[in-house]
Amino acid sequence: MSKNNESKNLDEKLKHYRLSREEYERMTSLLGRAPQGVEWALFSALWSEHCSYKSSRVHLKNLFSQSPHVLVSFGENAGVFDLGQGERIAFKMESHNHPSFIEPYEGAATGVGGILRDIFAMGARPIALANYLAFGDVDANRMSTLIDGVVRGIGGYGNCVGVPTITGQTEFHRSYNKNILVNALALGLFREGEPVMSARANGVGNLIVYVGAKTGKDGVHGASMASESFDTGGESKKPTIQKGDPFYEKLLIEGCLEVMRAGIVEAVQDMGAAGLTSSSFEMAARGDVGFKLDLDKVPLRDSTMTPEEILLSESQERMLLIVRPENFEKLKAVFSRWNLDAEPIGAVTKGPHVELFWHGELMCRIDPKILTYQAPRHERPFDKWLPRHRVLNIQEPSFGPDRGDRFDQQTPNELLNILTSPLGSSRAWIYRQYDQRVGAKTIFDCDESVGVVRLPDSGRQLGLVLGGRPHVMRFDAYVGGMDSVAYPALELAAKGFRPLAVTDCLNFGNPENREIMTEFVASLDGMNELARASSTPIISGNVSFYNETMGENITSTVTTGLVGLGDPILDESSHLPPRSSFQSVRDELYIVESAQLIFTGLQGERRDHSPSGQGDLRAKEVAEFIQVVRHLSLSRAVRSTRVVGKFGLPYALARMCTAQLGARVQWQPPSKQNWFSETLYQVVFAVDSDRSFEWRELFNKLAANLNINIVRLGEVSDGSLAFEGENRWSVPTVKLRQAYETPWEFVP
Amino acid sequence: MKVGVKILPKNEVLDSQGRAVENTLQHHGHKLSGCRMGRYVVLDLNETEKSRALARATEICEFVLYNPLSETYELEVLP
Amino acid sequence: MKPVGVVRFLGTNCDQDVFDAVAAVGLKPKWLWYQDQFDRRDLAAVILPGGFSYGDYLRSGALAARAPVMKSILDAANHGTPVLGICNGFQILCEAHLLPGVLLKNDSLRFRDGWVKLRRVGEASAFCNVKESVHLPIAHGDGRYYVEEDQVKQLFDDGRVWWRYEQNPNGSLDSIAGVLNDKKNIAGLMPHPERAMFSYMGGTDGRDFFTSLAL
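Bear in mind the structure is a predicted one, so any value in this text is a computation, not a measurement.

Q: Can you break down the overall build of chain A residue by residue, with the values?
A: Summing up its helical and strand segments, chain A has 24 helices and 29 strands in all. Compactness check: chain A gives a C-alpha radius of gyration of 26 Å against a globular reference of 27 Å for 748 residues, within 12% of the reference. Taking the principal axes of the C-alpha coordinates as reference, chain A spans close to 85 × 65 × 50 Å. Pairs at least 24 apart in sequence give 84% of the contacts found in chain A among residues at least 6 apart.

Structure (structure tokens):
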């Protein structure tokens with residue numbers, strides 16, 4: 001064979017396995033020889049962006065992830081945070097974007113299944129789910145089918161497995177037309193004495209035990225697929241999609257938690273992306289041990305499968321356990337009670353190699369560290385971040401969508417239009433399809449801006465909220481990164497919760513594109529800076545690159561999940577957090593603000609204006625503001641709170657209205673600003689008028705010497721939302737609710 | 001011997017899935033005057049004789065496979 | 001007071017919630033495993049909790065209705081032991097023919113979560129402490145109650161329609177949300193009383209369903 005031909009063959013092989021020339025050089029140098037046979041598939045899977053984080057790792061290592069309360073952060077299935085009093089939580093968010101675009105129901109469902117396995121693999125019982133969805137224009141091609149399928153898939157899985165969905169976020173923008181986002185978060189609880197498990201294999205001679213569903217051909221090459229841009233709309237890639245079975249998962253949860261609590265399992269990992277390959281190589285590498293694996297002992301659904309397919313299958317609901325030989329029979333008995341098989345497929349060795357056998361014959365012998373810790377690290381080029389879209393002086397007419405949004409007769413109609421549009425309308429038709437109360441711990445469901453569950457032993461309240469606002473990212477990625485922590489932290493604080501920790505999903509386009517990488521680094525810096533300033537460590541997360549279809553990248557989207565701790569509810573007299581809607585006529589309305597940045601916001605985009613704004617976020621001041629808001633919200637005088645977000649103050653007030661209760665406010669946009677522009681950050685408080693004096697005193701004490709203002713807006717009233725002053729207008733609350741609750745269910 | 005079990009909602013029971021499919025088909029211009037949606041179960045029975053196989057299948061249907069309140073079933077021996 | 005049995009099938013997911021609700025009103029809950037049988041004389045009542053037994057595969061409740069524990073439940077019910085099926089438990093009791101009718105897919109074809117107002121129509125012997133009108137959560141995909149036309153009237157006449165929705169959430173015949181057997185010791189209910197035990201849950205109307213069992 002000529003040199004030329006050989007080189008051509010190699011190129012084809014590299015293309016098939018989605019590896020680059022440089023990666024090939026690295027493989028051969030680490031191995032000391034050329035890769036052979038099944039090794040190609042192993043490198044392809046484990047060196048994929050999805051498994052190796054090769055484009056992001058150099059940046060992720062700088063994340064603020066440590067605090068005395070963080071028991072486990074990156075490197076395990078999920079982060080674990082200590083709440084004290086024996087209670088600990090595990091939580092993590094993960095993307096399932098590509099599979100959900102190809103097959104929305106199964107893609108979203110298996111996204112929920114996968115993140116739940118990460119949680120109970122740690123030994124925690126899942127007690128809450130949340131999901132962050134970003135869709136394209138509702139009338140874009142296939143979009144109604146995608147929306148409907150994703151929502152059904154999440155419900156179909158979560159409802160059946162019996163974990164409540166307590167909060168969520170849904171965004172729409174044309175940049176997601178060909179690449180939607182489905183990020184699922186799961187949170188689990190360890191009660192006193194329940195062990196935190198590890199995915200670190202140990203103990204030479206221990207058994208490697210396969211538990212759960214049999215292996216089929218589903219999802220072969222899924223991990224490397226998730227690391228590639230879509231080129232043909234995904235249709236041709238259909239055969240690799242996996243199908244989930246929530247009933248089986250429920251059995252797996254019960255079985256796994258039972259053996260963990262009985263202390264008869266040493267280490268656990270879910271077989272997620274790249275299936276048996278990633279779970280076995282990662283477990284061995286973490287524990288600095290070797291594995292001897294008999295691939296022919298893997299329980300199969302399809303007897304024609306090749307070793308390569310067995311290694312790469314992404315069949316769902318499977319776990320890999322490390323078990324002492326003397327415990328195996330006990331373990332098998334527990335799983336059999338839950339109708340599950342447990343099969344030993346190998347043993348832990350001194351190492352350092354993982355040896356794969358096929359019917360007694362050694363087919364591969366490789367050091368697992370080569371595939372994991374020594375995977376390539378790319379330092380993708382990026383530029384220093386320069387603030388985007390700023391104007392020098394907000395008084396200039398260049399600020400924002402001026403015409404039409406300055407006051408005119410159309411303003412009330414515009415508010416109704418916003419409330420009716422997918423951007424501004426209620427998500428109730430989505431979350432009504434999710435069981436929000438199974439587990440009987442739910443205090444605040446998806447109707448509220450923060451989900452809240454009650455911890456059964458201490459009675460303390462745990463708040464959960466998602467963050468990350470794509471329109472802020474489009475305005476400025478650095479600000480967007482800060483906002484992805486600041487905004488949800490404020491939402492927690494406005495319910496009296498102390499923000500504790502963050503999980504994130506970083507959804508970006510092609511990292512080989514310099515602009516995307518620049519946004520990635522900038523938003524990560526922003527997120528990190530705010531996490532540090534507000535002492536909320538980032539304890540788990542995932543990166544999803546290549547959200548790109550035919551050269552079009554999605555909005556760089558940082559999504560986050562924040563957990564906060566609130567006071568205990570011990571009996572019927574315990575105080576509940578302020579609601580997100582008005583509670584009582586004559587409550588006094590205030591805005592508390594630390595106005596650092598004002599921009600044209602979502603309304604600007606809605607009107608196709610290029611974004612503009614003035615000012616900058618200062619992490620320290622935001623952190624101080626969060627603290628003040630929390631202390632103000634803990635006061636029993638406060639009956640409702642809402643953080644002002646998209647579409648500014650009139651929209652926030654409209655959402656606080658009920659069918660009966662409205663508000664009378666003396667508020668006009670500051671000169672040259674429009675009604676719907678957005679200020680970072682403002683919080684609306686509705687305060688019991690009998691106790692407002694003491695509450696104002698509290699404010700004066702808390703905000704002394706800080707750059708935080710309070711403005712009296714007006715009061716809660718009956719029947720309408722009325723703006724008084726120079727340009728008076730009002731809308732009946734019944735009309736507001738009607739507009740907001742206009743169902744826009746999609747029948748594909 | 002394999003026996004196929006065709007289970008359909010009774011005619012008098014509102015079949016919401018069938019109705020939804022029908023509406024969609026109509027919406028796309030397919031003219032039809034009805035659509036019922038059920039399930040099909042293939043039983044691989046350890047029987048060699050047709051009448052025995054059908055008797056076993058009937059027994060299984062009566063035991064769990066269909067709900068006489070809302071469904072009907074038909075059996076067919078499969079090649 | 002004898003314990004209240006709480007049945008667990010494979011896939012049942014409201015089992016712990018019901019167990020805790022029973023304990024919360026001062027009664028003693030006791031697990032009943034789907035493969036086991038029990039002696040009816042040991043129990044004051046039996047509750048079949050909600051939540052996707054066998055993943056709702058085939059038909060919701062169908063596979064659980066054939067589990068070994070159902071023999072004991074039938075025996076207990078025949079001897080007058082109060083039996084309450086909640087949500088999937090209601091579906092199981094219908095599939096086991098201990099209650100009339102069947103629960104079909106919601107008319108919207110979607111799972112439905114939320115709070116509903118219910119009005120009591122009939123009276124269950126074991127749940128006499130329950131108010132006329134209650135506010136409870138629902139969470140189900142297959143909640144559309146159906147019986148044959150001629151049977152509905154009979155059920156109403158016999159006082160065997162237990163609860164009706166004020167606003168029908170799922171297309172149930174005559175807005176029926178709960179029914180009783182002829183002796184009125186077996187009761188099925190689509191909403192979840194165990195999710196309305198304390199104010200922080202959003203309401204306390206569910207408590208009476210459990211306190212009734214102590215009377």
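Now that the structure is up, let's keep going.
Q: Please set out the overall build of chain C residue by residue, giving values where relevant.
A: When helices and strands are tallied, chain C shows 5 helices and 11 strands. Computed over C-alpha atoms, the radius of gyration of chain C comes to 15 Å, within 12% of the 17 Å expected from 2.2 N^0.38 for 215 residues, which places it in the range of a compact globule. Seen through its C-alpha atoms, chain C measures out along the principal axes to roughly 40 × 35 × 30 Å. Expressed as a percentage of the 215 residues in chain C, the buried residues total 58%.

Q: Which residues make up the sheet that holds strand β7 (residues 133-140) of chain C, and what values do they have?
A: Residues and elements named next belong to chain C. The sheet built from 9 strands is open, its strands ordered β2-β1-β3-β4-β11-β10-β9-β6-β7 with mixed pairing. Where the open sheet ends on each side, the last strands, each with one partner, are β2 (29-33) and β7. The sheet shows a mean angle of 25° between the axes of neighbouring strands, direction not considered. With 8 bridges connecting them, strand β6 (residues 112-120) and β7 associate as antiparallel partners. Of the residues in β7, the one forming a bridge with W115 is P137. The sheet contacts of helix α2 (residues 69-78) involve β1 (4-8), β2, β3 (45-48), β4 (83-86) and β11 (186-189), and relative to β4 the element is tilted by about 130°.

Q: So what about the packing of helix α15 (residues 411-420) of chain A against helix α24 (residues 733-740) of chain A? Which residues, and what values?
A: Residue and element names in this part refer to chain A. The N-to-C vectors of α15 and α24 enclose an angle of 35°; their axes lie 7 Å apart at closest approach. Residue-level inspection shows L416, L419 and T420 of α15 in contact with α24, the latter providing K735, L736, A739 and Y740. Taken together, the residues of the contact of α15 with α24 break down into 5 nonpolar, 1 polar and 1 charged.

Q: I'd like a description of the environment of G50 of chain C, backed by residues and values.
A: Residues and elements named next belong to chain C. Inspection of the secondary structure assignment puts G50 in the loop between β3 and α2. Classification of G50 as buried rests on a count of 31 C-beta atoms within 10 Å. Between the C-alpha atoms of G50 and R120, which are 70 residues apart in sequence, the distance is 21 Å. When residues no more than four places from it in sequence are discounted, the contact partners of G50 are C14, I86, C87, N88, G89 and H192.

Q: Just give me the short version of the interface of chain A and chain C, but keep the residues and values in it.
A: Listed by partner, the interface residues are 24 residues for chain A and 25 residues for chain C. Every element with two or more residues in the side of chain A that touches chain C is listed here: α8 (143-161), α10 (246-261) and β14 (442-444) of chain A. Element by element, the count of residues in the side of chain A that touches chain C is highest for α10 of chain A, at 4 residues. Tallied by class, the residues present in the side of chain A that touches chain C amount to 10 nonpolar, 8 polar and 6 charged.

Q: Residues and numbers for the confidence of the model for chain C, please.
A: Per-residue pLDDT for chain C averages 95, and the proportion of residues at 70 or more is 100%. Per the prediction output, this complex has pTM 0.94; the corresponding ipTM is 0.97.

Q: A description of the sheet that holds strand β2 (residues 39-44) of chain B should follow, citing residues and the corresponding values.
A: Residues and elements named next belong to chain B. Spatial ordering of the open sheet is given by β2-β1-β3, a layout of 3 strands whose pairing is antiparallel. Looking along the sheet, the strands with just one partner apiece sit at the ends: β2 and β3 (71-78). Averaged over all neighbouring strand pairs, the angle between strand axes comes to 20°, with direction disregarded. Two strands pair when backbone bridges link them, and strand β1 (residues 2-9) and β2 are joined in this way by 6 bridges, in the antiparallel orientation.

Q: Can you break down the interface of chain B and chain C residue by residue, with the values?
A: Counting residues at the interface gives 9 residues for chain B and 13 residues for chain C. Every element with two or more residues in the side of chain B that touches chain C is listed here: α1 (16-27) and α2 (50-65) of chain B. In terms of residue count, α1 of chain B provides more of the side of chain B that touches chain C than any other element does, 3 residues in total.

Q: Give me the environment of I443 of chain A: which residues, what numbers.
A: Mapped onto the fold, I443 of chain A is located in strand β14. Taking the C-alpha atoms as reference points, I443 of chain A and G37 of chain A, separated by 406 residues in sequence, lie 55 Å from one another. In this structure I443 of chain A touches V452, V453, R454, Q461 and L576 of chain A together with Y200 of chain C, once residues within four positions along its chain are discounted.

Q: Describe the nonpolar core, naming the residues involved and giving the relevant values.
A: Counting 305 residues, the largest nonpolar core has L46, L185, L490, V629 and L653 of chain A as the members making the most contacts within it. Top element by residues in this core is helix α18 (residues 477-493) of chain A. It accounts for 11 residues. Those residues within four positions of L46 of chain A in sequence are excluded, and the remaining contacts are C51, S52, A274, T277, S278, F281, L371, T372 and A375 of chain A. V3, A53, A57 and L65 of chain B belong to the second largest nonpolar core, which has 7 residues in total.

Q: Lay out the pairing of strand β7 (residues 207-212) of chain A with the relevant residues and their values.
A: Residue and element names in this part refer to chain A. Burial of β7 is extensive: 6 of the 6 residues sit out of reach of the surface. Sheet topology note: the β7/strand β10 (residues 318-323) ladder contains 6 bridges and is antiparallel. If you follow G212 over to β10, its bridge partner there is R318. With 5 bridges connecting them, β7 and strand β11 (residues 342-349) associate as antiparallel partners. Looking at β11, one finds that V211 is bridged to A342.

Conventions adopted
Residues numbered from 1 in each chain as written. Chains lettered and ligands numbered in written order. Predicted model: local features only at pLDDT ≥ 70, side-chain atom pairs only at ≥ 80, totals over all residues. Helix = DSSP H or I, 4+ residues; strand = E, 2+ residues; numbered from the N terminus. Rg over C-alpha atoms; globule rule 2.2 N^0.38 Å. Contact = placed C-beta atoms within 7 Å. Buried ≥ 20, exposed ≤ 12 C-beta atoms within 10 Å, placed from the backbone. Pairing = 2+ DSSP bridges. Axes fitted to C-alpha atoms, helices over the stretch in contact; angles between N-to-C directions. Nonpolar A, V, L, I, M, F, W, Y, C, P; charged D, E, K, R; others polar. pLDDT = per-residue confidence, 0-100. Core = buried A, V, L, I, M, F, W, Y, C linked by C-beta atoms within 7 Å.

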